[in-house]
Amino acid sequence: MNPTPPIIPDLSSLRASGGVDEGRRRFMRNSAAALAFVSVPNPIVTINGDEEYEIVHKNVKLPRLPKELRGLRVVVVSDIHSGPFMDKAQMDRYVTRINKLKPDLVLLPGDFVSNRREEIEPLCDAFQKLEARHGVYGCTGNHDYFDDADHVVNELEHAGVRMLRDAHARIEIKGKELALIGVDDIGQGAEFHASFRRAVDGLDARLPNILLCHKPYHLEDAADYGAGLIVSGHTHGGQLVLARAFGLVFSIALLISKYVEGLYRVDATQMYVTRGIGASAINLRVNCPPEITVLTLV
Ligand SMILES: [Fe+2]
């Protein structure tokens with residue numbers, strides 16, 4: 001199987017305002033400008049703070065979707081990374097932005113915290129205010145395992161996020177069903193095939209399905225199983241992006257995955273890789289704004 005070239009995301013931006021620490025912004029911009037100066041001969045650099053987030057809208061044709069579920073609005077928010085670079089005030093602003101989109105479903109494919117178990121508490125305080133008509137679902141990411149994944153998951157469950165750990169959920173809407181499948185972050189002692197088989201145990205294969213899988217490494221594997229749509233994060237869209245050309249995002253993320261951002265397809269299986277909203281390692285996004293994704297099922 002050969003993946004078709006990635007579809008470059010059709011970005012429609014929405015600029016928000018207010019609540020920004022100017023000193024921090026100045027520091028970020030100066031640091032980034034210095035970085036760009038040494039790395040690119042003629043830099044065209046955009047430093048992206050949380051006020052420069054983008055809402056990316058995509059229509060996704062989901063196999064076996066009954067007509068009653070057409071138009072379902074699925075909001076995907078990944079790589080929140082609560083911690084030193086993502087505080088409660090920022091997360092409150094994101095929750096307000098998400099709620100304004102009036103989602104039918106919210107999917108959170110991992111990396112809720114940065115490093116420590118207690119970082120989940122401000123996230124839960126903010127995200128328990130999410131409003132999604134048919135629920136909020138999540139799966140773990142690699143950062144959620146850095147300290148205490150069970151604690152992270154328990155707190156999220158108490159905040160109203162249904163965490164799918166090698167498990168599935170069936171959602172009934174207008175008398176029709178949609179399956180959500182979630183696998184624990186692969187690599188934490190878990191292996192994709194075993195996790196996926198456990199997750200779909202007892203699931204009717206005729207139902208339309210969406211798979212939550214933090215790392216975008218398993219498109220070909222999931223296509224073998226007939227998954228409809230995968231939602232992933234992990235790459236942060238590259239986070240520090242030098243350029244986009246030839247369907248590629250030139251950043252360090254290319255070293256870990258050929259799928260960095262946007263919509264990809266193998267056979268009838270599609271995968272959407274979101275840039276996410278947070279940052280790790282360095283509090284900086286260059287040419288890579290935080291992303292809230294709205295997938296409309298068609
Ligand atoms: Fe992440």
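What you see is a predicted model; the values in this text were computed from it and never measured.

**Structural notes on the packing of helix 3 (residues 120–127) against helix 4 (residues 149–158)**
Working step 1: Contact geometry for helix 3 and helix 4: axes closest at 9 Å, N-to-C directions at 20°. On the basis of the axis angle, helix 3 is roughly parallel to helix 4. Crossing geometry of helix 3 relative to helix 4 is assigned as right-handed. Contact residues: helix 3 offers I120, E121 and C124, while helix 4 offers H151, V152, E155, L156 and H158.

**Some details on the sheet that holds strand 10 (residues 229–232)**
Working step 1: Strands sit in the order 7-8-9-10-14-13 across an open sheet of 6 strands; the sheet is mixed. The strands lining the two open edges of the sheet, one partner per strand, are strand 7 (167–173) and strand 13 (262–266). Pairwise comparison of adjacent strand axes, ignoring direction, gives a mean angle of 20° for this sheet.
Working step 2: Of the pairings in the sheet, the one linking strand 7 to strand 8 (residues 176–182) comprises 7 bridges and is antiparallel in character. Bridging across to strand 8, A167 finds its partner in G182.

**What about the packing of helix 2 (residues 88–100) against helix 3?**
Working step 1: Two elements in contact, helix 2 and helix 3, have axes separated by 9 Å at closest approach and are oriented at 30°. Considering their axes alone, helix 2 and helix 3 lie roughly parallel with respect to each other. Judged by the sense of rotation from one axis to the other, the crossing of helix 2 with helix 3 is right-handed. Facing helix 2, whose interface residues are K88, M91, D92 and V95, helix 3 presents P122, L123, D125, A126 and F127.
Working step 2: The residue inventory of the contact of helix 2 with helix 3, partitioned by class, reads 6 nonpolar, no polar and 3 charged.

**Here we look at the nonpolar core**
Working step 1: Core analysis: the biggest nonpolar cluster contains 72 residues, and V77, V106, L107, L212 and I230 have the highest contact counts within it.
Working step 2: Residues contacting L107, with those up to four places away along its chain left out, are V74, V76, Y137, L212 and V231.

About the thresholds
- For every chain, the first residue of the written sequence is number 1, and numbering continues from 1 onward in sequence order.
- Local features are withheld for residues below a pLDDT of 70 in this predicted model, meaning they are given only at 70 or higher, and side-chain atom pairs are given and counted only at 80 or more; totals for whole chains, interfaces and linings count all residues.
- Every axis in this analysis is a line fitted to C-alpha atoms, fitted for helices over the stretch in contact. Angles between the N-to-C directions lie between 0 and 180 degrees.
- Starting at the N terminus, helices and strands are each numbered in turn, a helix being any DSSP run of H or I of at least four residues and a strand any DSSP run of E of at least two.
- What sets the label is the angle itself: under 35 degrees gives roughly parallel, over 145 gives roughly antiparallel, 65 to 115 gives roughly perpendicular, and the rest give oblique.
- The sense of a crossing depends on the near helix, which, turned anticlockwise from the far helix by less than a right angle, makes the crossing left-handed and, turned clockwise, makes it right-handed.
- By the convention adopted here, residues are in contact when the distance between their C-beta atoms, placed from the backbone, does not exceed 7 Å.
- Two strands pair if DSSP finds at least two bridges between them.
- Throughout this entry, Asp, Glu, Lys and Arg are counted as charged residues, while Ala, Val, Leu, Ile, Met, Phe, Trp, Tyr, Cys and Pro are counted as nonpolar. The remaining residues, Gly among them, count as polar.
- Residues enter a nonpolar core if they are buried, belong to Ala, Val, Leu, Ile, Met, Phe, Trp, Tyr or Cys, and are joined to the set through C-beta atoms within 7 Å.
- The burial criterion counts other C-beta atoms lying within 10 Å of a residue's C-beta, which is placed from the backbone; the residue is buried at 20 or more, exposed at 12 or fewer, and partly exposed between these limits.

Don't take any of this as a statement about function, it's just geometry.
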